[in-house]
Amino acid sequence: MTGKLKRSDSGEEVELQAVSIIGRSSECEVILPDPRVSQRHAMILKQDGGFYLFDLGSFNGSYLNGSRVTATRQLSTGDVLTFAEHDFTFQQTGGEVSGEDLDNFGGSTIALIRSTPVIILVSDIMGFTTLSEEVEADDLAQIIGSWYSDCERILSEEGGTVDKFIGDSVLAYWTKVDDSTLMSAVRTAQKLLTSCEKIYQSRPDVFNSIDRPFEIGVAIHTGKVAYGGMSQGEFTLVGDPVNLTFRLENLTRNFEENVLLSGDFARMVPDLKPHLKSLGVHKVKGRAQGVEVVAMASFPEE
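In this convention, every chain numbers its residues from 1, walking through the sequence in written order. Given that the model is predicted, a residue must reach a pLDDT of at least 70 before its local features are reported, and side-chain atom pairs must reach 80 or more before they are shown or counted; all residues, however, enter totals for whole chains, interfaces and linings. The side-chain figures draw on all heavy atoms in the structure; neither hydrogens nor water molecules are used.

Caption draft 1: Examining the overall build of the protein more closely. Think of it this way: any DSSP run of H or I at least four residues long counts as a helix, any run of E at least two long counts as a strand, and we number them from the N terminus. When helices and strands are counted, the protein shows eight helices and 19 strands. Within the protein, the fraction of its 302 residues that count as buried is 48%. Counted over contacts in the protein with a minimum sequence separation of 6, partners at least 24 positions apart contribute 60%. What sets the accessible areas is the Shrake-Rupley method with a 1.4 Å probe; for residues, cover comes only from the shown protein chains. Summed over its atoms, the accessible surface of the protein is roughly 14,500 Å², and 47% of this surface lies on carbon and sulfur atoms. Any residue under 20% of the maximum accessible area for its type is buried, any over 50% is exposed, and the rest in between are partly exposed; the area is computed with a 1.4 Å probe on protein chains only. Throughout, a residue-residue contact means that at least one pair of heavy atoms, one from each residue, lies within 4.5 Å.

Caption draft 2: Structural context of the pairing of strand β11 (residues 86–93). Here β11 shows one buried face, formed by His 86, Phe 88, Phe 90 and Gln 92, and one open face, formed by Asp 87, Thr 89, Gln 91 and Thr 93. DSSP calls a pair of strands paired once it identifies at least 2 bridges connecting them. Two strands pair when backbone bridges link them, and strand β1 (residues 2–7) and β11 are joined in this way by six bridges, in the antiparallel orientation. Its bridge partner being in β11, Lys 4 is matched across the sheet by Gln 91. Relative to β11, strand β10 (residues 80–83) runs antiparallel, the two being bridged by four bridges. Across the sheet, Thr 82 pairs through a bridge with Asp 87, a residue of β11. Counted along the chain from β10 to the antiparallel partner β11, the turn is two residues long, and its residue Ala 84 has a positive phi close to 50°.

Caption draft 3: Layout of the sheet that holds strand β2 (residues 13–15). Ordered in space as β2-β1-β11-β10-β7-β8, the six strands form an open sheet in which the pairing is antiparallel. The two strands at the open ends of the sheet, each matched to only one other strand, are β2 and β8 (67–68). Where β1 lies against β2, three bridges are found, and the strand directions are antiparallel. Bridge assignment links Leu 5 to a residue of β2, and that residue is Val 14.

Caption draft 4: Local environment of the sheet that holds strand β5 (residues 42–47). Strand order across the open sheet formed by five strands is β4-β3-β5-β6-β9, with mixed pairing between neighbours. The open sheet is flanked by β4 (30–31) and β9 (73–74), the only strands paired with a single partner. As judged from the two bridges shared by strand β3 (residues 19–23) and β4, these two strands associate in the parallel manner. Pairing of Ile 22 across the sheet is with Val 30, part of β4.

Caption draft 5: Inspection of the confidence of the model for the protein at higher detail. What pLDDT conveys is the predictor's confidence in a given residue, as a value from 0 to 100. Averaged over the protein, the pLDDT score is 86; the fraction of residues at 70 or greater is 90%. Mean pLDDT across the secondary structure elements of the protein bottoms out at helix α2 (residues 108–111), with 40, and peaks at strand β17 (residues 259–262), with 97. Across residues 96–112, where pLDDT falls below 50, the model places 14 contacts with residues more than four positions away in sequence or in other chains. Below pLDDT 50 for its whole length, residues 230–234 participates in 14 contacts with residues either more than four positions away or in separate chains.

Caption draft 6: Fine view of unusual backbone geometry. Positive phi values are uncommon outside glycine, yet Asp 211 reaches one of about 55°. Residue position: Asp 211 is located in the loop between α6 (204–210) and β15 (216–231). If you check the backbone angles, Glu 256 has positive phi at about 55° while not being a glycine. Checked against the element boundaries, Glu 256 lands in the loop between α7 (240–255) and β17.

Caption draft 7: Highlighting the packing of aromatic side chains. Aromatic rings from Phe, Tyr and Trp, taking only the six-membered ring of Trp, are treated as a pair when their centres fall within 6.5 Å; an angle between ring planes under 30 degrees marks them as stacked, one over 60 as edge-to-face, and anything in between as tilted. What the rule picks out here adds up to eight aromatic pairs. Judged by centre distance (6.1 Å) and plane angle (55°), the ring pair of Phe 83 and Phe 88 falls under tilted. Side by side, Phe 83 and Phe 88 carry an identical accessibility label, which is buried. Summarising the aromatic geometry, the rings of Tyr 200 and Phe 207 are spaced 5.3 Å apart at their centres and angled 40° between planes, so their arrangement reads as tilted. Residue classification places Tyr 200 among the partly exposed residues on the basis of a relative accessible area of 27%. Overall, the relative accessible area of 1% leaves Phe 207 in the buried class. A connected cluster of aromatic rings, assembled from ring pairs, spans Phe 54, Trp 147, Tyr 148 and Phe 165.

Caption draft 8: Representation of the pairing of strand β19 (residues 291–296) in the model. Taken across its six residues, β19 has five buried, putting it largely inside the fold. Across five bridges, the pairing between strand β18 (residues 276–282) and β19 is antiparallel. The residue of β19 that forms the bridge with Lys 277 is Ala 295.

As structure tokens, then:
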């Protein structure tokens, strides 16, 4: 599966990567040197057999077929994307693989599926349903877009990979499990919390009017999963550890804790012990055995 953006004015074509950032910055995959375009204006993510457009909290907004993007939108061939009057037409070749196509791959599909220990991180926005009801669509798009952008940037800084954004949540992973990556996952959680405070402080007009903070829940776990995909750079995780991490993140509301670790993860980082608070063993949906839950009471100093 490939995707391209074709500029309406020049006919220039840009092939989309697994993650393509559109903006004014020279570090973007699609550079628009226009002061009306934000440094990191929008993102197109390749996942789940398609390409998805996210606005990254841009000042002037991103438009799809003339309508402002206020939520994640899957792109279709022929769609027109507009960023500050710069028009692009989206083209996609290929898509989700059918059962008949799978038969034609023979052994190659199996070769692309790997089973390996990974570190898994799941984060989502607390009270998103209420937030979406109380905040104007344009303001909400900027807030969520800023959060998407920070997630992508922070995970890139810490060597993690964004598997996918799912509405108001993100699934990410590290395919190497060692002392360095274990601490990278912890730093990622800390940076994501700092990002929430930054977003909150940047929009007092919104958050003061609804009298609520901007908060997230984060869960980190480690375990062996299958991961793979039909093309290079387009991987997804499959396995019980992924489901467990999502269940663990759901518990952040029950315990009123922003960051929860599984006991399996916590035991692999003994130096974190002074910063942890054991919450005991708890049952989660879909599992017969209980799960040891540990909260991050504080973070180590750099």
